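Examination of the molecular architecture
Here is how the chains run, residue by residue.
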Amino acid sequence: MRIFNVVAMVAALGAGAGAPALAQADEGHITVTGNGSAEAVPDMASVSLGVVTEAATAAEAMAANSAALAEVMATLTGAGIEARDIQTSGLSLNPAYEDNYQGGPEGPKVRGFIAQNNVTVRVRALDSLGGVLDAAVGQGANNLHGLTFGLQEPEPKMDDARRDAIADARRKAELYALAAGVTLGEVVSISEQVDYGVPMPEMRAASFAKDSGVPVAEGELSLNASVTVVYELDDTDD
């Protein structure tokens, strides 16, 4: 079998594109990596919001913060957010120093304490997202960041991405095998590397929250999958 020829051809194709080789061949096998993606309109969002308060003492800062956040959480519940969709994601208490400190042996002067409490909120009805954010801010939430979109049931779309990745791997393997003068045999193994991170929204086909409140563009999500497939090789030139 002309395994050396397969390796050389793969290396040449990869080098010509200025990128790592897309396949490897050894002992009668060829290994390729296929990539696939599937697009979907998100049907849920997660947002981190909370309250920052400052007071003269640590106890006063925490008490004021707890009272303010309780009001915000009550507002979220009143807006239809279930308790299972509200989770504490950050709690801190730190001294606040005078802004005009110029340096010196005594160090900066503490003017008070800052308490911060954040919660991560899942909004399953995207039509209400703008109103939920507006109501939370109106009730006292003064720390808002980390808005992301997602799918409540991502697996069907992930399966589409996996099928696309398998087809891409097959296409690459056939290309290399044809160029090297060999024939693909049976699949020896398939391994998957899936990007389960938060998909980045692409702003095509964007729509906005339909209720009053903060305008939010939900965009479109792209879910990605990557598979590595090992094929047997048959020499066509005996």
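In this report, we go over the structure that sits alongside the text. Model, not experiment: these values are computed from the prediction.

**Quick look at the sheet that holds strand 3 (residues 44-55)**
Strand order in the open sheet formed by four strands is 4-5-3-6, with antiparallel pairing between adjacent strands. With one partner strand each, in any of the chains shown, strand 4 (86-97) and strand 6 (143-150) form the two edges of the open sheet. Sheet twist, expressed as the mean angle between neighbouring strand axes with direction ignored, is 15 degrees. Inspection of the sheet shows strand 3 paired to strand 6 by six bridges, in the antiparallel sense. The residue bridging serine 48 from the neighbouring strand is histidine 145, located in strand 6. The strands touched by helix 2 (residues 58-78) within the sheet are strand 3, strand 4 and strand 5 (110-123), with strand 3 carrying the most contacts at an inclination of about 150 degrees.

**A closer look at the environment of alanine 40**
Here alanine 40 shows up in strand 2 (residues 29-40). A residue is classified by how much of its surface remains accessible, and alanine 40, at 7% relative accessible area, is buried. Separated by 111 residues in sequence, alanine 40 and leucine 151 have C-alpha atoms that sit 8.3 Å apart. Excluding residues that lie within four positions of it along the chain, alanine 40 makes contacts with Leu151, Lys157, Glu220 and Leu221.

**Here we look at the pairing of strand 5**
By the bridge criterion, 11 bridges tie strand 3 to strand 5 in an arrangement that is antiparallel. Following the sheet pairing, valine 47 is matched in strand 5 by valine 121. Bridge count for strand 4 against strand 5 is 11 bridges, and the pairing is antiparallel. Directly across from threonine 88, in strand 5, lies its bridge partner valine 119.

**Points about the packing of helix 2 against helix 3 (residues 129-139)**
At a minimum axis distance of 9 Å, the contact between helix 2 and helix 3 shows a crossing angle of 155 degrees. One finds that helix 2 runs roughly antiparallel with respect to helix 3. Considering how the two elements wind past one another, helix 2 and helix 3 form a crossing that is right-handed. For the pair helix 2 and helix 3, contact is made by Glu71, Val72, Thr75 and Leu76 and by Val132, Ala135, Ala136 and Gln139, respectively. Residues belonging to the contact of helix 2 with helix 3 are distributed by class as follows: five nonpolar, two polar and one charged.

**Some remarks on the nonpolar core**
Formed by 28 residues in total, the largest nonpolar core has its most connected members in Leu49, Val72, Leu76, Ile81, Val121, Leu129 and Phe149. Residue assignment for this core shows that the elements contributing at least two residues are strand 2, strand 3, helix 2, strand 5, helix 3, helix 4 (155-180) and strand 8 (221-235). Residues within four places of isoleucine 81 in sequence aside, it is in contact with Leu76, Ile86, Val121, Arg122, Val123 and Val132.

**Some points on the pattern of salt bridges**
Opposite charge on two side chains lets them pair, provided their charged atoms get close. Throughout the structure, instances matching the rule amount to 11 salt bridges. Residue glutamate 54 is joined to arginine 111 by a salt bridge in which the shortest nitrogen-to-oxygen separation is 2.6 Å. A residue pair is termed long-range when its members are at least 10 positions apart, and glutamate 54 in strand 3 and arginine 111 in strand 5 qualify at 57 residues. Taking the shortest distance from any N to any O, the salt bridge between lysine 172 and aspartate 168 comes out at 3.2 Å. Of this pair, lysine 172 and aspartate 168 both sit in helix 4, four residues apart, roughly one helical turn. Take aspartate 168: its relative accessible area is 14%, and that puts it in the buried class. By sharing partners, the salt bridges in this structure join Glu155, Asp159, Arg162 and Glu192 into a single network.

Procedures and definitions
Residues numbered from 1 in each chain as written. Predicted model: local features only at pLDDT ≥ 70, side-chain atom pairs only at ≥ 80, totals over all residues. Heavy atoms only, no water. Pairing = 2+ DSSP bridges. Helix = DSSP H or I, 4+ residues; strand = E, 2+ residues; numbered from the N terminus. Axes fitted to C-alpha atoms, helices over the stretch in contact; angles between N-to-C directions. Contact = heavy atoms within 4.5 Å. Buried < 20%, exposed > 50% of the residue type's maximum accessible area, 1.4 Å probe, protein only. Parallel < 35°, antiparallel > 145°, perpendicular 65-115°, else oblique. Left-handed = near helix turned anticlockwise from the far one by under 90°. Nonpolar A, V, L, I, M, F, W, Y, C, P; charged D, E, K, R; others polar. Core = buried A, V, L, I, M, F, W, Y, C linked by side-chain atoms within 4.5 Å. Salt bridge = Lys/Arg side-chain N within 4 Å of Asp/Glu carboxyl O.

By themselves these figures say nothing about function.
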